[in-house]
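Single-letter residue listing:
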Amino acid sequence: MSSVEVGTELPPLTVTLRREDLVRYAGASGDFNPIHWNDRMATSLGLPGVIAHGMLTMASAARVVTDWLDDPADLLEYGVRFTKPVIVPDDDKGATITFSAKVDKVADGTAEIDITALAGEEKVLGRARAVVRVS
Amino acid sequence: MTIDATMVGRSYAAAESYQVGREKIREFADAIGDANPAYRGDDAIAPPTFAFMVANPALLRLLADDELGLRLDRIVHGAQKFSYTRPIKAGDDIAATATITTVRKAGDVEVIMYETALTTVDGDPIATSTSTISHNRADS
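Treat the numbers as computed from the prediction; the structure is a model and nothing was measured. (Residues numbered from 1 in each chain as written. Chains lettered and ligands numbered in written order. Predicted model: local features only at pLDDT ≥ 70, side-chain atom pairs only at ≥ 80, totals over all residues.)

Chemist: What am I meant to see in the overall build of chain A here?
Modeler: Within chain A one finds three helices and six strands. Each helix and strand of chain A, ordered N terminal to C terminal, gives the series β-α-α-α-β-β-β-β-β. The dimensions of chain A, computed from C-alpha atoms along their principal axes, are 50 × 30 × 25 Å. Taking the intrachain contacts of chain A between residues at least 6 apart in sequence as the baseline, contacts between residues at least 24 apart amount to 62%. (Helix = DSSP H or I, 4+ residues; strand = E, 2+ residues; numbered from the N terminus. Contact = placed C-beta atoms within 7 Å.)

Chemist: Which parts of the structure should I look at to understand the overall build of chain B?
Modeler: The secondary structure content of chain B amounts to two helices and six strands. Along chain B, helices (α) and strands (β) appear in the sequence β-β-α-α-β-β-β-β when read from the amino end. Projected onto its principal axes, the C-alpha positions of chain B cover 50 × 35 × 20 Å. Counting across all 140 residues of chain B, residues that qualify as buried make up 40%. Looking at chain B alone, contacts between residues at least 24 apart form 70% of all its contacts between residues at least 6 apart. (Buried ≥ 20, exposed ≤ 12 C-beta atoms within 10 Å, placed from the backbone.)

Chemist: How should I be thinking about the environment of Lys24(B) in this particular structure?
Modeler: Note that Lys24(B) resides in helix α1 (residues 22-31). Separated by 16 residues in the primary sequence, Lys24(B) and Val8(B) place their C-alpha atoms 34 Å from one another.

Chemist: I would appreciate a short explanation of α1(B) in the present structure.
Modeler: Because each turn of an α-helix spans 3.6 residues, side chains separated by three or four positions end up pointing in the same direction. Among all positions of α1(B), only Ile25(B), Phe28(B), Ala29(B) and Ala31(B) are buried. Projection of α1(B) onto a plane perpendicular to its axis shows the buried side chains occupying an angular sector of 160 degrees, all on one side. Against the buried residues of α1(B) lie α1 (19-29) of chain A together with α2 (50-63) of chain B. (Arc of directions from axis to C-beta.)

Chemist: Looking at this structure, how should I read the environment of Ala106(B)?
Modeler: Looking at where Ala106(B) falls in the secondary structure, it is placed in strand β4 (residues 93-106). For the pair Ala106(B) and Asn136(B), spaced 30 residues apart in sequence, the C-alpha separation works out to 9.7 Å.

Chemist: Would you explain unusual backbone geometry in this entry?
Modeler: Residue and element names in this part refer to chain A. Even without being a glycine, Asp 108 presents a positive backbone phi close to 55 degrees. Examined against the element boundaries, Asp 108 turns out to sit in the loop between β3 (95-107) and β4 (110-119). By the C-beta count within 10 Å, which is 8 here, Asp 108 ends up exposed. Of note, Arg 127 is a non-glycine position whose phi angle comes to about 40 degrees, a positive value. With 12 C-beta atoms counted inside 10 Å, the residue Arg 127 sits in the exposed group.

Chemist: What is the right way to look at helix α3 (residues 54-66) of chain A in this model?
Modeler: Between the first and last C-alpha of α3(A) there are 18 Å, a value that for 13 residues agrees with the 18 Å anticipated at 1.5 Å per step. Most of α3(A) is tucked away, with 13 of its 13 residues classed as buried. (Expected span 1.5 Å × (residues − 1).)

Chemist: So what exactly am I meant to see when it comes to the packing of α1(A) against α1(B) here?
Modeler: Helix-helix packing: each pair is described by the crossing angle between the helix axes and the interaxial distance. Where α1(A) meets α1(B), the axes come as close as 9 Å, and the angle between the chain directions of the two elements is 155 degrees. Taken together, the axis directions place α1(A) and α1(B) in an arrangement best described as roughly antiparallel. Seen from above, α1(A) lies across α1(B) with left-handed handedness. In contact with Arg24(A), Tyr25(A), Ala28(A) and Ser29(A) of α1(A), α1(B) contributes Glu27(B), Phe28(B) and Ala31(B). Here the residues of the contact of α1(A) with α1(B) sort into four nonpolar, one polar and two charged. (Axes fitted to C-alpha atoms, helices over the stretch in contact; angles between N-to-C directions. Parallel < 35°, antiparallel > 145°, perpendicular 65-115°, else oblique. Left-handed = near helix turned anticlockwise from the far one by under 90°. Nonpolar A, V, L, I, M, F, W, Y, C, P; charged D, E, K, R; others polar.)

Chemist: I'm lost on the interface of chain B and chain A in this one. Help?
Modeler: Quite often, the size of an interface is put as the accessible area lost when its parts meet. The interface is formed by 24 residues belonging to chain B together with 27 residues belonging to chain A. Every element with two or more residues in the side of chain B that touches chain A is listed here: α1, α2 and β3 (75-84) of chain B. Top contributing element to the side of chain B that touches chain A by residue count: β3(B), with eight residues. Residues of the side of chain B that touches chain A, tallied by class, amount to 13 nonpolar, eight polar and three charged. Here strand β2 (residues 75-82) of chain A runs beside β3(B); their pairing, made up of five bridges, is antiparallel. When the bridges of β3(B) are listed, Glu77(A) appears paired with Ser83(B). (Pairing = 2+ DSSP bridges.)

Chemist: Before we go on, may I ask you to explain the environment of Val88(A) in this structure?
Modeler: Residues and elements named next belong to chain A. Within the fold, Val 88 resides in the loop between β2 and β3. Separated by 66 residues in the primary sequence, Val 88 and Leu 22 place their C-alpha atoms 8.7 Å from one another. Non-local contacts of Val 88, meaning those with residues more than four positions away in its chain, are made with Leu 17, Arg 18, Arg 19, Leu 22, Val 50, Ile 51, Ala 52, Gly 94 and Ala 95.

Chemist: Honestly, the nonpolar core in this entry has me stumped. Any pointers?
Modeler: The nonpolar side chains of a soluble globular protein tend to be buried, and buried together. Among the nonpolar cores identified, the biggest contains 81 residues, and Ala61(A), Val65(A), Ile115(A), Val54(B), Ile88(B) and Ala96(B) are the most heavily contacted of them. At nine residues, α2(B) tops the list of elements feeding residues into this core. Once residues within four sequence positions are removed from consideration, Ala61(A) is found in contact with Val80(A), Phe99(A), Ile115(A), Ala117(A), Leu125(A) and Ala128(A). (Core = buried A, V, L, I, M, F, W, Y, C linked by C-beta atoms within 7 Å.)

The following block contains the structure:
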């Protein structure tokens, strides 16, 4: 991490989520809600189709910050709102989410970072924010 | 019964502590596509959102309180926040306790915030997970 000031942009990150990734996350996290792997269940609940686990999107968004930090242990706070579901089609392309992040505040050895998560034109996370140690 | 604001403050401890293994951390890091070397090996720390999985057994106890009348399949996760005293690491033995912090009702929908304290089994703080969930009582 080089010098940190308000307006510093972190290297962006693009993540592709396919059905296989949702199955793998379901297994690793223990979240087997069928809306994350079963179209029939997802559509019966009014969703357009299978959607990614919000916590998987949140985990992916964290990487834009932890990849930038020398040590991910310097992440002190991290929060998001789940504003729009990420629809993951049953094909080889999957869903692509682009994460970008910018330093919004620097004070007392910490920096506050705003994260933006876009799937196509849609913001899938709201008020995504991390506080990191920068001393 | 159904959940209401008088139930703010109720606490639910996970039935068992969560023992963090380095291979579980690796499996989780692989599943989120994160190759960070900090999440591998004997001195592995866990990725930030690993805390949600460790907090989950306390949520299951909260959902098991019949007086709240909540059903997992009627819940949508609205917001999530973590504060870390230190990262979770391989070898940790973690106690999770969830406490209801706010309840707001709008028709059939209840918006519930609960905070899960993650500590060592000796009570030293590790992290706090704050979750906002919407529970919809309407039959679709």
